[in-house]
Amino acid sequence: MTLRTRFAPSPTGPLHLGHAFSAITAHDMARAAGGQFLLRIDDIDQSRARPDWEELIYEDLSWLGLTWDEPPWRQSEHLSDYRAAVEHLAGRGLCYPCSCSRRDIAEAASAPQEGTPEFGPDGRIYPGTCRGRPMSDWTEGMAIRLDLAKALPDLDVTFTETGPAHPGAHRVTLDTLLAQVGDPVLARPHMAASYHLSVVLDDAAQAISHVIRGEDLFDATQLQRALQALLGLPTPTYHHHRLIRDEAGKRLAKRDDARAIRHYREDGASPDDIRRMVGL
Ligand code: GLU
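About the thresholds
Residues numbered from 1 in each chain as written. Predicted model: local features only at pLDDT ≥ 70, side-chain atom pairs only at ≥ 80, totals over all residues. Heavy atoms only, no water. Near = heavy atom within 4 Å. Polar contact = N/O pair within 3.5 Å; in protein donor to acceptor, adjacent residues only side chain to side chain. Areas by Shrake-Rupley, 256 points an atom, 1.4 Å probe, with all protein chains shown as cover. Nonpolar A, V, L, I, M, F, W, Y, C, P; charged D, E, K, R; others polar. Phe/Tyr/Trp six-rings, centres within 6.5 Å; stacked < 30°, edge-to-face > 60°. Helix = DSSP H or I, 4+ residues; strand = E, 2+ residues; numbered from the N terminus. Buried < 20%, exposed > 50% of the residue type's maximum accessible area, 1.4 Å probe, protein only. Lys NZ or Arg CZ within 6 Å of the ring centre and 35° of its normal. Core = buried A, V, L, I, M, F, W, Y, C linked by side-chain atoms within 4.5 Å. Contact = heavy atoms within 4.5 Å.

**Examining the site of the ligand**
Surveying the vicinity of the ligand reveals the residues Arg6, Ala8, Ser10, Asp42, Tyr195, Val199, Arg213 and Leu217. Contacts to the ligand include Arg6, whose side-chain N or O atom sits 2.6 Å from an oxygen atom. Measuring from a nitrogen atom of the ligand, one finds a side-chain N or O atom of Ser10 at 3.2 Å. Contact with the protein chains covers 79% of the free accessible surface of the ligand, which is 300 Å². Grouping the constituent residues of the shell around the ligand by class yields four nonpolar, one polar and three charged.

**Quick notes on the packing of aromatic side chains**
Here the structure, examined in full by the defined rule, presents three aromatic pairs. A ring pair is formed by Phe159 and Tyr238, whose centres lie 5.7 Å apart and whose planes are at 75°; its orientation type is edge-to-face. Here the residue Phe159 occupies a position in strand β8 (residues 156-161), and Tyr238 occupies one in strand β12 (residues 237-241), the gap between them amounting to 79 residues. Note on Phe159: relative accessible area 4%, which makes it buried. Through a chain of ring-to-ring contacts, the aromatic side chains of Phe159, Phe218 and Tyr238 assemble into a single cluster. Geometry around Tyr126 places Arg145 over its ring, the cationic atom sitting 3.7 Å from the centre. Across the ring face of Phe21, the terminal group of Arg242 is positioned such that the distance to the ring centre comes to 4.3 Å.

**Let's talk about the nonpolar core**
With 38 residues, the main nonpolar core has Leu146, Leu155, Leu186, Leu197 and Leu230 as its most contacted residues. Only α3 (79-91), β7 (143-146), α5 (148-151), β8, α6 (174-180), β10 (185-187), α7 (195-205) and α8 (221-231) provide two or more residues apiece to this core. The biggest single contributor to this core is α3, with five residues. Apart from residues lying up to four places away in sequence, Leu146 is in contact with Leu94, Tyr96, Ala151, Asp183, Pro184, Leu186, Leu227 and Leu230. Membership of the second largest hydrophobic core comes to 26 residues, among which are Leu17, Ile57, Ile244 and Ile261.

The values are spatial; any link to function lies outside them.
As structure tokens, then:
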């Protein structure tokens, strides 16, 4: 099997040192194995994506010396596929429309018992307020959620993680998913699909064998694994790498413009300097 990795930035701001670390890690892993490295532009949120940020992604990555083996996969060019998947699941009676605002959800969620999380990788764990509403109620401004218990009553699957923080096999069951994620959003209002749904469809369509990404997405993997089971998609191996942090220990965010690759580039740093800065 050919090892295929990908880097999937959102064009919503400049790439920073954390992105550089992620992209280089995925790239080098593919190259070391004689495999392929792919680039995905995660521009599903059309209200935030900007063409100039996308252009900067290509410039920064090329400057870093990275090459990708296929034309970039742009999510905005696959919206009808994501929508078809939502409609397929809705057609099977597994979805419901949801009009809850964040505030509604916070107010409806009962005080969590000790040891049970309040938030999961899909936001605040949804208390199920709209569960059971018919899809005929759905209008453009509403989200579409998956009724987990109905969709995956016998869920019991695993995925393999090779990253440093949680190495080994991880089990995903309906009970763990309901407790740690809740009924996930498949499509946000005015968006074709949620990040979680689009990413599992894309990883399958691009035949990604190894998902290399930051540790902040480790908790999302159980949900993505469940969606793969539901849609009959293959499961890649996962590798969640350490996060690059600032001096105060805070992980870098898009607004940390000072650590943008383009600034180091303009200041005369070399790609090897960047590798050193992120500990490679
Ligand atoms: N677009 C996501 C991000 O920038 C990454 C998605 C993924 O690697 O699965 O955080």
